[in-house]
Amino acid sequence: MSEPRPHRRHALIAAILIAVATAAAPGGQAKAERLITAVSSDKVSIKSTFTGAEIVLFGTIERDAQTVARPRAYDIVIVARGPSQEIVTRRKSRLVGIWVNLESQRYLNAPSYLAILSNRPLTEIADPLVLSRFQLSLAHLILRAPRTDAAAPTPETNGFREALLRLMRQRAHYIEDPSGVEFLSPALFKARIPLPASVPVGEYRADVHLFGDGALLARSSKQISIRKAGVEQLVTVLAAEMPLLYGLVAVVLAIFSGWFAGIVFRRD
Amino acid sequence: MQIYLPIAELSVNLFLIFGMGGAVGFLSGMFGVGGGFLMTPLLIFTGIPPAVAVGTEASQIVASSVSGAIAHWRRRGIDLRLGMVLLIGGVIGSVAGIWLFRLFRALGQIDLVISLSYVTFLGIVGALMMLESIRAIARAQHGKPPIIRRRGQHIWVHGLPFKMRFKVSGIYVSAIPVIGIGVVVGLLAAIMGVGGGFVMVPALIYILRVPTNVVIGTSLFQVVMITALVTVLHATANQTVDMILAMILMAGGVIGAQFGARAGQKLKGEQLRALLALMVLAVCARLAVTLVATPDELFSLTLERVHR
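Thresholds, definitions, all that
Residues numbered from 1 in each chain as written. Chains lettered and ligands numbered in written order. Predicted model: local features only at pLDDT ≥ 70, side-chain atom pairs only at ≥ 80, totals over all residues. Axes fitted to C-alpha atoms, helices over the stretch in contact; angles between N-to-C directions. Helix = DSSP H or I, 4+ residues; strand = E, 2+ residues; numbered from the N terminus. Parallel < 35°, antiparallel > 145°, perpendicular 65-115°, else oblique. Left-handed = near helix turned anticlockwise from the far one by under 90°. Nonpolar A, V, L, I, M, F, W, Y, C, P; charged D, E, K, R; others polar. pLDDT = per-residue confidence, 0-100. Contact = placed C-beta atoms within 7 Å. Pairing = 2+ DSSP bridges. Buried ≥ 20, exposed ≤ 12 C-beta atoms within 10 Å, placed from the backbone. Domains from an automatic or database assignment. Core = buried A, V, L, I, M, F, W, Y, C linked by C-beta atoms within 7 Å.

A. Inspection of the packing of helix H5 (residues 110–141) of chain B against helix H10 (residues 269–292) of chain B at higher detail. All names here are of chain B. Two elements in contact, H5 and H10, have axes separated by 7 Å at closest approach and are oriented at 150°. If you check the angle between H5 and H10, you find them roughly antiparallel. When the axes of H5 and H10 are compared, the crossing they make is left-handed. When grouped by side-chain class, the residues that make up the contact of H5 with H10 number 20 nonpolar, 5 polar and 3 charged.

Here it is, written out as structure tokens:
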């Protein structure tokens with residue numbers, strides 16, 4: 001999916017706003033705030049021209065007469081997470097003059113994509129205990145490592161964890177953006193979830209957290225499915241599920257194109 | 001224009017990859033080599049994962065060698081019996097190579113193994129070629145005739161058992177060095193993503209004393225067979241053959257090769273070899289620097305199994 005053109009984008013935003021507004025309309029018996037959210041698309045297709053995409057998430061904070069008055073404005077923290085995966089972090093050391101991967105640390109359940117977007121710095125929204133409990137910052141992300149030698153430094157302290165976070169941020173697979181959520185009105189907000197071209201495919205989930213006075217008031221989730229499509233899908237499925245056929249097709253294709261070029265460019 | 005590569009799982013500039021295919025195709029057409037030893041490192045420098053670069057390049061070499069192999073077949077420039085014995089070794093070598101590739105990949109050392117193999121082989125072959133072409137140029141300048149090898153001259157290889165007669169080449173030689181050369185070339189193809197012509201051609205000439213009119217054809221026959229096998233093996237064992245990437249490289253490669261072949265005809269043989277040697281040594285040096293120089297980033301990530 002590429003960047004929608006401006007007029008299409010406006011139409012899209014209008015449609016979402018209507019959807020959000022109508023969803024908010026039916027009155028319930030809610031005493032606390034309710035969070036209603038919508039995403040610009042819940043399916044992203046990776047085709048041959050895919051260069052990354054942006055998911056726009058909208059939401060409103062619904063209150064009714066019984067809702068307690070809040071002296072301060074609301075805060076929103078959005079956590080978008082891709083499928084989790086095993087990641088090995090390796091560190092190079094010099095061995096007889098050559099740089100070699102010597103030490104490594106395996107993490108069993110690292111998210112392949114993680115974007116934490118908020119309307120202001122996380123530390124101002126809630127205290128570290130709350131952030132930690134809901135894993136609302138990269139610093140509090142729980143990375144599970146296989147049990148290691150008790151005497152060895154723990155995976156938390158030996159520098160591998162920081163390296164993983166740093167490298168994933170460099171690839172834009174991990175994002176922490178304290179200005180990623182924008183309030184359009186005191187109750188209406190918007191966020192852009194950027195997906196780089198190299199995002200892994202799979203089921204993504206965006207959890208929207210509503211905070212007021214440092215307390216979590218409501219949560220809402222949206223699923224986003226990222227899939228390869230067209231030729232890319234065909235190639236991936238064939239390569240993974242029928243690797244022998246895939247290999248043979250690759251060879252036949254190569255022989256044919258080589259033979260064909262030989263005929264086209266024959267010089268005699 | 002960006003294009004998404006489904007196996008490499010990244011987006012690359014179509015024209016950059018096409019241009020690389022064309023440039024390497026030009027050089028390979030000019031020098032009459034497969035070009036795998038240039039293409040694989042170039043792909044790695046562009047950010048393609050080394051495992052995908054090696055697996056994909058094997059399929060591209062099939063394409064760039066097949067028309068040459070057909071042409072030599074028509075001219076009866078292939079010693080099929082010799083090619084078959086070489087192929088036995090090649091199959092053993094490439095299966096072993098794929099196994100080693102998987103092992104080193106699991107240990108996180110495949111990038112190192114690929115770089116070290118390149119530095120070693122390119123260093124040796126480049127240095128030998130350079131020496132040889134400098135001597136040839138010097139001889140040409142002094143007006144001395146080139147040294148002609150005497151046929152039937154004996155070296156240690158001729159003392160080995162299991163002798164076989166290869167009629168087309170007119171040689172009577174033990175099967176052991178023939179299979180041995182096949183094994184080495186198979187290993188190189190599987191681990192380095194090269195055709196192995198740069199090892200095969202000198203080995204056939206200097207060790208087996210195969211006459212030059214069948215060397216290139218027999219070598220090309222072997223290269224096509226082995227890289228085809230390596231492509232299938234990488235696809236099944238490692239799933240690292242990116243067909244989209246291969247097609248772009250093939251398109252660039254075949255076009256570049258046509259212009260290269262024309263340019264090559266304007267240069268003298270020994271000058272060509274000296275230029276090729278220079279290029280081989282340059283790639284070798286570039287890779288050696290990355291092995292020795294302190295990297296900016298000591299850490300690296302390997303993304304493994306995705307829990308879907």
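From this point, the discussion proceeds with the structure in view.
B. Geometry of the confidence of the model for chain A. Residue and element names in this part refer to chain A. Scored by pLDDT, chain A comes out at a mean of 84, with 83% of its residues at no less than 70. When pLDDT is averaged over each element of chain A, strand E7 (residues 114–118) comes out on top at 96 and helix H1 (residues 6–24) at the bottom at 58. Contacts for the low-pLDDT stretch residues 24–30, under 50 throughout, to residues beyond four places or in other chains number 5 contacts.

C. Main features of the packing of helix H3 (residues 50–74) of chain B against helix H8 (residues 212–237) of chain B. Residues and elements named next belong to chain B. Where H3 contacts H8, the two axes come as close as 8 Å, and the packing angle between them is 150°. One element, H3, and the other, H8, form an angle in the roughly antiparallel class. Considering how the two elements wind past one another, H3 and H8 form a crossing that is left-handed. Contacts between H3 and H8 involve Gly-55, Ala-58, Ser-59, Ile-61, Val-62, Ser-65, Val-66, Gly-68, Ala-69 and His-72 from the first element and Ile-216, Gly-217, Leu-220, Phe-221, Val-223, Val-224, Thr-227, Ala-228, Val-230, Thr-231 and His-234 from the second.

D. A look at the sheet that holds strand E12 (residues 215–228) of chain A. Residues and elements named next belong to chain A. Ordered by their spatial adjacency, 6 strands build an open sheet running E2-E12-E11-E4-E7-E8, and the pairing between neighbours is mixed. In the strand order of this sheet, the two ends are held by strand E2 (43–46) and strand E8 (174–177), each with one partner. Taking each pair of neighbouring strands and ignoring which way they run, the sheet shows an average axis angle of 15°. Here strand E4 (residues 75–81) pairs with E7 via 5 bridges, running antiparallel. When the bridges of E7 are listed, Val-77 appears paired with Ser-118.

E. The arrangement of the interface of chain B and chain A in detail. With 46 residues of chain B in contact, the opposing surface of chain A contributes 50 residues. For the side of chain B that touches chain A, the secondary-structure elements that each account for two or more residues are strand E1 (2–5), strand E2 (10–13), H3, H8, helix H9 (243–264), H10 and strand E5 (299–306) of chain B.

F. Region of the structure containing the sheet that holds strand E1 (residues 34–39) of chain A. Residues and elements named next belong to chain A. The 4 strands are arranged E1-E3-E10-E9 in an open sheet whose pairing can be described as antiparallel. Pairing within the sheet leaves two strands with one partner each, and these edge strands are E1 and strand E9 (181–185). Going across the sheet, the axis of each strand differs from the next one's by a mean of 25°, ignoring polarity. One ladder, built from 4 bridges, connects E9 with strand E10 (residues 188–195); its direction is antiparallel. Residue pairing in the sheet places Phe-183 in a bridge with Phe-189 of E10.

G. Inspection of the confidence of the model for chain B at higher detail. Taken over all residues, the pLDDT of chain B has a mean of 85, while the share at 70 or more is 94%. Note on the complex model: pTM 0.78, ipTM 0.83.

H. The environment of Gly97(B), seen in detail. Residues and elements named next belong to chain B. Tracing the sequence through the fold places Gly-97 in helix H4 (residues 80–106). Taking the number of C-beta atoms within 10 Å as the measure of exposure, Gly-97 has 26 and is therefore buried. Taking C-alpha positions, Gly-97 is 27 Å from Pro-161, a pair spaced 64 residues apart along the chain. In contact with Gly-97, not counting residues within four places along its chain, are Gly-186, Leu-187, Ala-189, Ala-190 and Ile-191.

I. Representation of the domain arrangement of chain A within the structure. Residue and element names in this part refer to chain A. Considered domain by domain, chain A is made up of domain 1 (6–227) and domain 2 (229–268). Counting residues at the interface gives 5 residues for domain 1, matched by 4 residues for domain 2. Taken together, the residues of the side of domain 1 that touches domain 2 sort by class into 1 nonpolar, 2 polar and 2 charged.

J. Structural context of the nonpolar core. Formed by 152 residues in total, the largest nonpolar core has its most connected members in Val77(A), Ile78(A), Ile193(A), Ala206(A), Val62(B), Leu188(B) and Val224(B). In terms of residue count, H8(B) provides more of this core than any other element does, 15 residues in total. Domain assignment of the residues forming this core places at least three in each of domain 1 (6–227) and domain 2 (229–268) of chain A. Setting aside residues up to four positions removed in sequence, Val62(B) forms contacts with Val251(A), Ala254(A), Ile255(A), Gly258(A), Val224(B), Thr227(B), Ala228(B) and Thr231(B).

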